[in-house]
Amino acid sequence: MAKVTLNHVYKIYPGDKGRDVTAVRDFNLEIIDREFVVFVGPSGCGKSTTLRMVAGLEEISKGDIFIGERRINDVPPKDRDIAMVFQNYALYPHMSVFENMAFGLKLRKFPKAEIQKRVNEAATILGLEQLLDRKPKALSGGQRQRVAVGRAIVRQPKVFLFDEPLSNLDAKMRVQMRTEIIKLHQRLQATMIYVTHDQVEAMTMGTRIVVMDAVLNPETGLKEGVVQQIDAPLKLYNEPANLFVAGFLGSPPMNFLKGTLRKEGDQVIFKEMKGGAVELNLGSRPAAMSYVGKDVTLGIRPENCDLVPHGKPLSKNTFQAVVDIVEPMGAETYFYLQTGAHTVISRSHAEVDQREAGHRLLFEIQVERAHLFDPQSGLRIH
């Protein structure tokens, strides 16, 4: 296997009236050998375009891409020693499963015995042994996707590329295939780059995640694909760099409350704007002191805003809210709350009847897990 390095990579398309469109701007990343890296972000942020530049399916406008120590900017896709799994499977309908998986090896003039050996090994890994004689039309969506993955495995490439491979599957099959790809990475110990718009896939699959977004360039008035943060899944979840990352990762998403900070002794107090019910004692956060008297955005995840059980002593960080919607999820319950200025989602383990909607209930925020953001720059206040 091999590491993959992207140095100041751009993808620029010619636009109307000389206004070029920058699909990917200044992408920098070093993927170490045998790492599983996920590109995640909303549609139009440049994640698939970046993957296609690694594959050689898109030309690089500026910058350099290396696989190992070899610069591959001008290397044809067939000579890059990569294998790509597409969203739409891209199987040949007139060929059997065996023939689809063996096709790339036949083009490269591999001996028949080696082809047989590699296809059988891949079929065993993916549970396709009983399906090798079938045509794609006789397979389910999940089976077709496994065949597409098997076709990549038999190549034994330096790098595997996955472009939203599970987006055409139903929810149950997506979970199953997600698990199979994780096991596949552990078994093959391969370098893998995986593109998805699904943050659950990103959080559960990647050893590192590249969060991308389409950001408006004020000079051109056009959006450009930009990397927002690169880190391990839990680091991204617990220490988001900015408002976008904080809101993109997590389901339900992080709550954002606009307000101001004031100082009481050596404590910093957050007060929700427009007379909202939320007032929190944030303690003595040094970084927050410089924002006293200024507007800030407070971020709190739903699991850190919990229903206060009857009889529990109240803290300084308890507030009363009107329950708008109750969503029982089985092991937990989602509350959609009206605080007076914002709608806040709480994820609680309490079993609460649907009739609680419209009632006033007490909720407590775990302020030690709260984040503060600069509303102008969007950056987290450390």
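Structure: see above.
Because the structure is a prediction, the values reported are computed rather than measured.

Quick notes on the rules
Residues numbered from 1 in each chain as written. Predicted model: local features only at pLDDT ≥ 70, side-chain atom pairs only at ≥ 80, totals over all residues. Heavy atoms only, no water. Axes fitted to C-alpha atoms, helices over the stretch in contact; angles between N-to-C directions. Helix = DSSP H or I, 4+ residues; strand = E, 2+ residues; numbered from the N terminus. Parallel < 35°, antiparallel > 145°, perpendicular 65-115°, else oblique. Left-handed = near helix turned anticlockwise from the far one by under 90°. Contact = heavy atoms within 4.5 Å. Nonpolar A, V, L, I, M, F, W, Y, C, P; charged D, E, K, R; others polar. Salt bridge = Lys/Arg side-chain N within 4 Å of Asp/Glu carboxyl O. Expected span 1.5 Å × (residues − 1). Buried < 20%, exposed > 50% of the residue type's maximum accessible area, 1.4 Å probe, protein only. Arc of directions from axis to C-beta.

(A) Geometry of the packing of helix α4 (residues 141-153) against helix α5 (residues 171-188). Where α4 meets α5, the closest approach of the two axes is 11 Å, and the angle between their N-to-C directions is 20°. Compared by their axis directions, α4 and α5 come out roughly parallel. For α4 against α5, the interelement crossing comes out right-handed. Of the residues in α5, those touching α4 at G142, Q145, R146, V149 and I153 are M173, Q176, M177, E180, L184 and L188. Among the residues making up the contact of α4 with α5, the classes are represented as 6 nonpolar, 3 polar and 2 charged.

(B) Region of the structure containing the pattern of salt bridges. Counted according to the given criterion, the structure contains 19 salt bridges. The salt bridge partner of R52 is E58, with a shortest N-O separation of 3.7 Å. Residue R146 pairs with E180 through a salt bridge whose shortest N-O separation is 3.7 Å. Of the two residues, R146 sits in helix α4 while E180 sits in helix α5, which places them 34 residues apart along the sequence.

(C) Region of the structure containing α5. For α5, with 18 residues, the first-to-last C-alpha span of 26 Å sits near the 26 Å given by 1.5 Å per residue. Within α5, the full set of buried residues consists of M173, R174, M177, R178, I181, L184 and H185. Along the axis of α5, the buried residues cluster in a sector spanning 140°; they form a single face. Structural note: α5 exposes K172, K183, Q186 and R187 on the side pointing more than 90 degrees away from its buried face. Tucked inside the fold, the buried residues of α5 contact β3 (36-40), α3 (112-126), α4, β7 (159-163), β8 (191-196) and α6 (199-205). A positive backbone phi angle near 50° is found at Q189, which sits one or two residues after α5.

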